[in-house]
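Observations on the model geometry
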Amino acid sequence: MYFCVKLKSFVFCLALSLAAVCGGIFLAARGFESAAVTAAANAAEEEVFLPVIMYHSLLKDPSRAGDYVLSPEVFKADMQYLMDNGYTTVFISDVVDYVENGTELPDKPVAVTFDDGYYNVMTYAYPFMKENGLKGVMNVVGTYTDLSVEQDEHNPAYSSLTWDEITELYESGVFEIGNHTYDMHSMEGRKGCKKLYGESYEDYRKSMFDDVAMLQGMLRDKSGTTPVTFAYPFGYISDESVPILHEMGFKALLTCYEKPNYISREDTGCLLSINRYNRPSGVSTEEFMKKLLRK
Ligand SMILES: [Zn+2]
């Protein structure tokens, strides 16, 4: 009898101990799980993965295809791929608002940018984008625009946008307009906006102001928009340009580094070097997207 009671209490104690151990493990696991969920939520709040594409010219003629000329059909296939995979196009100014003003971004944001202000983007991309509720950033060059205004003929093969067309794109809500310099889109003398060897900071600052601020004023007066986004011509960058562009009112600077972006409200510096993937011809949409969307 005594043995029997002892045995029963031993079994009872063993069961109790096992339950306590299992419960502890369960609670610890739950605790770990909830800590992991919280950490993931914080990380998700802190950093947003932002792929950015850089397009240039869109032309149907296959003999013109190259690193900076893409067929309109391939452009549409790219956009369709992004839509089918749950991505939402955003303006760069939306990203600025997310970082600086606490607004939200969609779940899977992507930015579609076009450099140099080609008229063919208005001809081939704009109607498709409008129809599908897509957004893009058009980075214009002032001298190209002035030249286009003087041309009698306006042709997708070689024309740039006029001030009136820039106004139309901006007012449609489909395009944000970015500044791509008035007359520094050149490799002669200075490479784009790069500071010259031996040039003083003051001289460099004056050159940048004379050119870039002039285009800002023209876009404000002729097209009704004052860009907050600046795209470096050819991706040539000098560190000294950053405070100068900031002083001119730019909030986001676009580069040509082919890397992903991680946007964070904790680090406003992420806006001062937004990486972009150039979209060349000769690469399938799937292949290009694999590179662009890799985190
Ligand atoms: Zn350019």
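Conventions adopted
Residues numbered from 1 in each chain as written. Predicted model: local features only at pLDDT ≥ 70, side-chain atom pairs only at ≥ 80, totals over all residues. Helix = DSSP H or I, 4+ residues; strand = E, 2+ residues; numbered from the N terminus. Buried ≥ 20, exposed ≤ 12 C-beta atoms within 10 Å, placed from the backbone. Core = buried A, V, L, I, M, F, W, Y, C linked by C-beta atoms within 7 Å. Contact = placed C-beta atoms within 7 Å. pLDDT = per-residue confidence, 0-100. Expected span 1.5 Å × (residues − 1). Bend = angle between axes of the 7 residues up to and from the residue. Axes fitted to C-alpha atoms, helices over the stretch in contact; angles between N-to-C directions. Parallel < 35°, antiparallel > 145°, perpendicular 65-115°, else oblique. Left-handed = near helix turned anticlockwise from the far one by under 90°. Pairing = 2+ DSSP bridges.

Attention now goes to the overall build of the protein. Scanning the protein from terminus to terminus reveals 10 helices and 12 strands. When each of the 295 residues of the protein is scored for burial, the buried share is 36%.

A few words on the nonpolar core. Among the nonpolar cores identified, the biggest contains 65 residues, and Val95, Ala111, Val121, Met138, Ala252 and Leu253 are the most heavily contacted of them. Setting aside its immediate chain neighbours within four residues, Leu253 contacts Phe230, Tyr232, Val242, Leu245, Leu272, Ser273 and Ile274.

Moving on: the confidence of the model for the protein. Across the protein, pLDDT averages 89, with 85% of residues at or above 70. Taken together, the stretch residues 1–32 has pLDDT below 50 and engages in 0 contacts with residues farther than four places along the chain or on a different chain.

Once that is clear, we can look at unusual backbone geometry. For Asp116, which is not glycine, the phi dihedral falls at a positive 90°. Its location among the elements puts Asp116 in the loop between strand S6 (109–115) and helix H4 (119–124).

Moving on to the environment of Thr88. Structurally, the position occupied by Thr88 is in strand S5 (residues 88–89). Residues Thr88 and Pro109, spaced 21 residues apart in sequence, show a C-alpha to C-alpha distance of 4.9 Å. Those residues in contact with Thr88 that lie beyond four places of it in its chain are Pro106, Lys108 and Pro109.

Within the secondary structure, Ala125 sits in the loop between H4 and helix H5 (126–131). Given 25 C-beta atoms within 10 Å, Ala125 falls into the buried group. When the C-alpha positions of Ala125 and Lys76 are compared, they lie 7.6 Å apart, and in sequence the two are 49 residues distant. Residue contacts for Ala125: discarding those within four places in its chain leaves Leu58, Pro72 and Phe75.

Its 23 residues give helix H8 (residues 201–223) an end-to-end C-alpha distance of 31 Å, which sits within 8% of 33 Å, the value for a rise of 1.5 Å per residue. For H8, the principal kink sits at Phe209 and spans about 25°. Residues Met208, Asp211, Val212, Leu215, Gln216, Leu219 and Ser223 constitute the buried set of H8. Looking one or two residues beyond H8, the residue adopting positive phi is Gly224, at roughly 75°.

Relative orientation of the contacting elements helix H2 (residues 72–84) and helix H10 (residues 285–292) amounts to 50°, with a least axis distance of 10 Å. One way to sum up the angle between H2 and H10 is to call them oblique. As for the relative orientation of H2 and H10, their crossing is right-handed in sense. Listed contacts from H10 to Val74, Ala77, Asp78 and Tyr81 of H2 are Thr285, Phe288 and Met289.

What follows is about the environment of Ser186. Mapped onto the fold, Ser186 is located in the loop between strand S8 (175–179) and H8. Classification of Ser186 as partly exposed rests on a count of 14 C-beta atoms within 10 Å. Linking Ser186 and Phe234, residues 48 residues apart in sequence, is a C-alpha distance of 8.5 Å.

Take the pairing of S6 next. With 7 of 7 residues buried, S6 is to be regarded as a mostly interior element. Across the two faces of S6 the burial is the same, with Pro109, Ala111, Thr113 and Asp115 and Val110, Val112 and Phe114 all buried. Here strand S2 (residues 52–55) pairs with S6 via 4 bridges, running parallel. Counterpart to Ile53 in the pairing with S6 is Val112. When S5 meets S6, the two strands line up parallel, connected through 2 bridges. Paired with Thr88 across the bridge in S6 is Pro109. Relative to strand S7 (residues 136–140), S6 runs parallel, the two being bridged by 3 bridges. Bridged to Phe114 within S7 is Met138.

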